[in-house]
Amino acid sequence: MAFRFRQHSVLPGFGLTLGFTVFYLSLLLLLPVAALLFYTLQMPWVDFWATVSHPQVVESYKLSFGASLIGALINLVFGALVAWVLVRYEFPGRRVVDALVDLPFAMPTAVAGIALVTLYASTGWIGQYIDAFGVRIAYTQLGVIVALTYIGLPFVVRTVQPVLRDMAPELEEASAIMGASRFTTLRRVVLPTLLPALLTGFAMAFARAVGEYGSVVFISGNIPYTTEITPLLIVAKAEQYDYRGAAAIGTVMLVAAFALLLMINALQWWSTRRHTQR
């Protein structure tokens, strides 16, 4: 007769830990979101629609989501490349480069915005040479993309790195021995393994960029209908004591970001399930 012994846990029982978990998530996540939605629901529908559909606000939606998407896509490619180099190659200064990846996490966003302006303004260290070719970065939509790409890079790198460490190089060697080209090995062996991590890093970089404010507000120039991001309009309405307007725009951003993250997570689940069934 076999007996099943309950595995001992160093933490308190399930009920207590679950209670702390629900309380913690409710206090920090669910309660603020619920308060935002409740405050918005008190707003008449006509006023809500007039606020969120104003042409200036609509243009800010396009810039915020469009620039965030472009920045996340850039990081999807180059973040994976950085992670590959840091994991698969040994070279002098590798630890320094690895530490620099976390710089956007450590540096205050306002400081990052000032640094980007210093670099890419028409009189900046890099901008003065680019401006000679008729390309402007600072105070343009391109500058917004640069800022959002900067703050999103660590999310892709740090998500892909652990997966690369766990992926045995022998799989690539076996593929090469069987006559597969480098492109075939990349497409059939490497990418299917990295795809869930890449999608996760992409989603995190995108979500981070959508709500970014500090690093963008300096380099964008805040030109109405051109380089204004949605978080800036939310802050502007709050400073004008239009809290309902700020809440309405924030609700639209919240719902849109949640819907996009839900689709990305569903795609990640599908790719993981497909990979495990092979």
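If you're wondering where the values come from, they're calculated on a predicted model, not measured in any experiment. (Residues numbered from 1 in each chain as written. Predicted model: local features only at pLDDT ≥ 70, side-chain atom pairs only at ≥ 80, totals over all residues. Heavy atoms only, no water.)

Colleague: How do you make sense of the overall build of the protein when you look at a structure like this?
Modeller: Helix and strand counts for the protein stand at 13 helices and zero strands. The helix and strand sequence of the protein, counted from the amino end, reads α-α-α-α-α-α-α-α-α-α-α-α-α. Oriented by its inertia axes, the alpha-carbon framework of the protein measures out at about 70 × 65 × 30 Å. The burial tally for the protein puts 33% of its 278 residues in the buried class. Contacts in the protein between residues far apart in sequence, at least 24 positions, make up 75% of those at least 6 positions apart. Element-wise, carbon and sulfur atoms account for 70% of the exposed surface of the protein, whose accessible area totals about 17400 Å². Considering the protein, the positive charge centre built from 18 side chains and the negative charge centre built from 14 side chains are found 11 Å apart. (Helix = DSSP H or I, 4+ residues; strand = E, 2+ residues; numbered from the N terminus. Buried < 20%, exposed > 50% of the residue type's maximum accessible area, 1.4 Å probe, protein only. Contact = heavy atoms within 4.5 Å. Areas by Shrake-Rupley, 256 points an atom, 1.4 Å probe, with all protein chains shown as cover. Lys, Arg positive; Asp, Glu negative; His and termini not counted. Charge placed at Lys NZ, Arg CZ, Asp CG, Glu CD.)

Colleague: Just to check I follow, could you spell out the nonpolar core for this structure?
Modeller: Generally speaking, soluble globular proteins have nonpolar side chains that are buried together. Counting 31 residues, the largest nonpolar core has Y61, F65, V160, L164 and L194 as its most contacted members. A total of nine residues in this core trace back to one element, the largest contributor, which is helix 10 (residues 182-210). Discounting chain neighbours no more than four positions away, the residues touching V160 are A83, L194, A197 and L198. (Core = buried A, V, L, I, M, F, W, Y, C linked by side-chain atoms within 4.5 Å.)

Colleague: Just to check I follow, could you spell out the pattern of salt bridges for this structure?
Modeller: Once their charged atoms are close, side chains differing in charge can pair, the charge on each being opposite to the other. Throughout the structure, instances matching the rule amount to six salt bridges. The partner of E90 in a salt bridge is R94, and the shortest N-O contact between them spans 3.3 Å. Ionic pairing is found between D102 and R158, a salt bridge with its closest N-O pair at 2.9 Å. Of this pair, D102 sits in the loop between helix 4 (94-100) and helix 5 (103-106) while R158 sits in helix 8 (residues 141-166), placing them 56 residues apart in sequence. Looking at R158, the relative accessible area reads 23%, which means it is partly exposed. Three or more residues joined by partner-sharing salt bridges are found here, namely D98, D102 and R158. (Salt bridge = Lys/Arg side-chain N within 4 Å of Asp/Glu carboxyl O.)

Colleague: Just checking my understanding: could you explain the side chain of T230 for this structure?
Modeller: By secondary structure assignment, the location of T230 is in helix 12 (residues 230-239). For T230, a relative accessible area of 0% translates into the label buried. Setting aside residues no more than four positions away along its own chain, T230 makes contact with S60, Y61, S64, I249 and M253.

Colleague: Sorry, what's going on with unusual backbone geometry here?
Modeller: Residues other than glycine predominantly adopt negative phi, and peptide bonds predominantly adopt the trans conformation. In this structure, Y225 takes a positive phi of about 65° despite not being glycine. With relative accessibility at 44%, the residue Y225 sits in the partly exposed group. The residue Y241 is not glycine, and still its phi comes out positive at about 65°. Within the fold, Y241 resides in the loop between helix 12 and helix 13 (243-276).

Colleague: How should I be thinking about the layout of surface pockets in this particular structure?
Modeller: One water molecule sets the probe size; rolling that probe over the atoms shows where empty space is left. Taken as a whole, the largest pocket spans an internal volume of roughly 540 Å³. Lining of the largest pocket is provided by 17 residues; of these, W84, E172, R182, L186 and V190 occupy positions nearest its centre. Every element with two or more residues in the lining of the largest pocket is listed here: helix 3 (55-88), helix 9 (169-177) and helix 10. Looking at which element gives the most residues to the lining of the largest pocket, the answer is helix 10, with seven residues. A per-class count over the lining of the largest pocket returns 13 nonpolar, two polar and two charged. When its volume is computed, the second largest pocket comes out at roughly 430 Å³. What lines the second largest pocket is a set of 14 residues, and nearest its centre among them are V33, M253, L254, A257 and F258. Elements supplying a minimum of two residues to the lining of the second largest pocket: helix 1 (14-41), helix 10 and helix 13. (1 Å grid on protein atoms, 1.4 Å probe; cavity = no way out; pocket = protein on both sides within 12 Å on 5 of 7 lines; lining within 4 Å. Points joined across faces, edges and corners; volume = space filled by probe spheres on them. Nonpolar A, V, L, I, M, F, W, Y, C, P; charged D, E, K, R; others polar.)

Any functional reading would require information that these geometric values do not contain.
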